[in-house]
Amino acid sequence: MDEAEDQKLRSATQTEEGASGGQNLEITFTEKEMATQAFQNIQLRQKMARLFQQYRNKGPEPIFKKYQVRVTSNPHAVKDKISVTVTKKEKVVLLSVENNGTKQVYFTLQTFDFVKNIFTVRDCDGNIIKAINDHLLRPRESYKMKIHFSSDHSGLYEQLLFFKFERGHQRSETFDIMRLLEVIRRTPQSKEDSHAGSKVVKRFQTTRKTPLTGCEINLTPVVHLRKYRLPKNIENTEELNRNLEERKLNWRNYAWRFHLLLHLEEYEICAALTKCNRDEVLLITHQSENYMLLLKADDILNNCNVVLTGCDVLVTPLNEQNENEEKISYKGWVEDVDEEQIYLRFDEIFPEDFIKGVRCKLVFLLQRMPLRMQHRAAALACKHGLKGLLFPFGQHSTQRSCLMPVTAKFVRTPMLENNPEQQKAVRHILARSAKPAPYLIFGPPGTGKTVTLIEVIKQIVLTQDSNILVCAPSNSATDHLCEKILKENIVPHEVFRLYCLSYKVDKIPEIVKMHCSFNPATSTFEIPPKKDLMSYKIMVTTLQTAGRLVTGGVSPGHYSYIIVDEAGQAVETECLIPIAGLLKPLSGQVVLAGDPKQLGPIILSTIAQRNGLGEHPVTYMERVPSLSVSSLDVHGVSVCGPRPGPAPRPAEIRHQLLDFPRVDKEMVLLAPVHSPVHCLYSKSSSPVTRPALEDSSENFCRSQPGLLMLMENSAG
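Computed from a predicted model, the values in this text were never measured in an experiment. (Residues numbered from 1 in each chain as written. Predicted model: local features only at pLDDT ≥ 70, side-chain atom pairs only at ≥ 80, totals over all residues. Heavy atoms only, no water.)

### Looking at the environment of Q110
With respect to the secondary-structure elements, Q110 resides in strand β4 (residues 105–113). Each C-alpha atom, one on Q110 and one on M178, is 9.8 Å from the other, the two residues being 68 residues apart in sequence. With sequence-adjacent residues up to four places away left out, Q110 is seen in contact with L160, L161, F162 and K164. A polar contact of 3.4 Å, which involves the side chain of Q110, links it to the side chain of K164. (Helix = DSSP H or I, 4+ residues; strand = E, 2+ residues; numbered from the N terminus. Contact = heavy atoms within 4.5 Å. Polar contact = N/O pair within 3.5 Å; in protein donor to acceptor, adjacent residues only side chain to side chain.)

### Observations regarding the environment of N611
Relative to the assigned elements, N611 resides in helix α19 (residues 606–613). Judged by its relative accessible area of 7%, N611 is buried. A C-alpha to C-alpha distance of 8.6 Å links N611 and K248, two positions 363 residues apart in sequence. Residue contacts for N611: discarding those within four places in its chain leaves N241, L244, E245, R257 and L261. (Buried < 20%, exposed > 50% of the residue type's maximum accessible area, 1.4 Å probe, protein only.)

### Re the packing of helix α14 (residues 449–463) against helix α15 (residues 475–487)
Closest axis-to-axis distance for the α14/α15 pair is 10 Å, and the angle between their directions is 50°. One way to sum up the angle between α14 and α15 is to call them oblique. Classified by chirality, the crossing of α15 by α14 is right-handed. Along its contact with α14, which presents T450, I454 and I457, the element α15 presents H480, L481, K484 and I485. Across the contact of α14 with α15, the residue classes tally to four nonpolar, two polar and one charged. (Axes fitted to C-alpha atoms, helices over the stretch in contact; angles between N-to-C directions. Parallel < 35°, antiparallel > 145°, perpendicular 65-115°, else oblique. Left-handed = near helix turned anticlockwise from the far one by under 90°. Nonpolar A, V, L, I, M, F, W, Y, C, P; charged D, E, K, R; others polar.)

### Structural notes on the state of the cysteines
The final tally for this structure, using the stated rule, is zero disulfides. Left without a disulfide partner, C311 is nearest to the cysteine sulfur of C304, which lies 8.1 Å away. Residue C311 is classed as buried on the basis of its relative accessible area of 4%. You can see C482 has no disulfide; the closest cysteine sulfur is in C516, sitting 8.5 Å from it. (Disulfide = S-S within 2.5 Å.)

### Quick look at the sheet that holds strand β5 (residues 119–123)
Taken in spatial order, the four strands make up an open sheet running β1-β3-β7-β5, and their pairing is antiparallel. At either margin of the open sheet sits one strand with a lone partner, and together these are β1 (69–74) and β5. With direction set aside, neighbouring strand axes in the sheet form an average angle of 25°. Pairing of β5 with strand β7 (residues 142–150) involves five bridges; the strand directions are antiparallel. (Pairing = 2+ DSSP bridges.)

Function cannot be read off these values alone, since they describe shape.
See below:
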């Protein structure tokens, strides 16, 4: 409707106001206003439909080929349309505006909503964006945003996103990119349909052959995750090393020190990835998945000392016919690596040329999210006052000895009936007698560490109204824990396995499929909203994915117990991801289990390794015992307390551990001579008798506040 017609309408309304009176006039005006609005919506919809159809007829390839600017989304856009089907009232769609060219670009975003108050545009921090005008994108930069959908009613909802670009310093080149977001809101299925096990398994078998098309993130960010960029002086390693050696680790410099160690490690990882880059390499499209490129692994893996899985990649096809033409770059990530091939996944379908193979330039880029999570954990540990957890001695240690009897409620089970050592450990964990310090359970493989953890979880569920967070460094270890919990039938309806969004569907164990964050109906992984996540009594996830719970604002103290298995395979800041931000130190209990003798995390930076990130103490579960170590009692249960003097002589505790059949006596020699690990696993040249050993440990622990309990030779 033009301005003249609008003026006529207003004049007609004023005339009616003079002729009529009061209430009838208001009704007449409202009806006209509604009719006018409906007519305008129809015109707008028709106009936008014509514009979008004209844009689609051009095709997106010429724009990207000419300007190297694109708009990607998750879920992926098909023919410039992003289609989403949901059963919940809220949905978040991720968008990224990427400048892969060599010239800077300015862009403006206009949105056209056919139904008001349904869509909201937010930046990556969750702030509402009312308009984007002349936003500068330098070469290789991107701008990420989120489109939030919210509606209580079923139906079809659309939003047109109109990006206007100006390119170059003089802004002489202009072009447009459009995306139509289409959300279909359906009525939720009945309980019988959504929980039918056989149907779910059948759909899982189908989705194994189908690539994932997107993800659903319904968890609103609450706790900010900063970038933690590399400092400018990171190349001056000699000065940084000198600073680290002069300022030994303590509570006051804890965050500063681990920020620096992580930066040094990132610097070395980036340098190692650079060696994997190739100026010319042959890439071929996967036979069944057009979103994936294959690369022969032998040449790259032979010279690679860094894990490539999860890294970002930049692929630039080499145009031999016209070298002056500006190159097109595709950004993706390494999905998997085997002995023969490296699998690269992207958001776009590649041209047919890639079926036979195209020679490309290949650049590997570090995915910084895991390191950013660790940086934030170090910062939150100081913010939330976890001194008693990280430095458990003096006034911050527990006031109750681990040898003293506890009165925690306890249910006798067959597994613990004939094993007083495990029973003692379970009782103390239930009583949280070590808090704010952690309980440590460690020993060689097969000594029953995981079985003890499962029994602890079972006892907590049977005797307390407490929530439990269970974590491990890897997905395989986490799945193993989740399987054990479900097989023990510990409140299965209240167990939830939270996966990362890039996890492979075919790796999910059969028993876990009904209790995880994968939606087989839409072939997508989902991050449920905070309210749903907090409704589960037992949350099982990896250390890294637990960072999403922190980001989503799950309140400190919601989990009374935080249990980390295989803690010896993670660096200290990785173990802190689920703890810092989720633990209430005065009421929550942390339990760490693992084997410090087994292969630990790989650290590339020798400076970071030498100063506490890699060399002994390599992990959190090794550093804490190095603060205070007592001796071992006759049953193989080591009770540690704050120790004012030096650690006990290795001969005091060697003999008992060698009595255990599953200890590898030869591997003990690999541990540092004066380390607690060596003390626990080394050979003895002068064994101590049991009475003397029992007296020394018991007297010490009764004279000092108890701290940690270490398990050995447990059943299972």
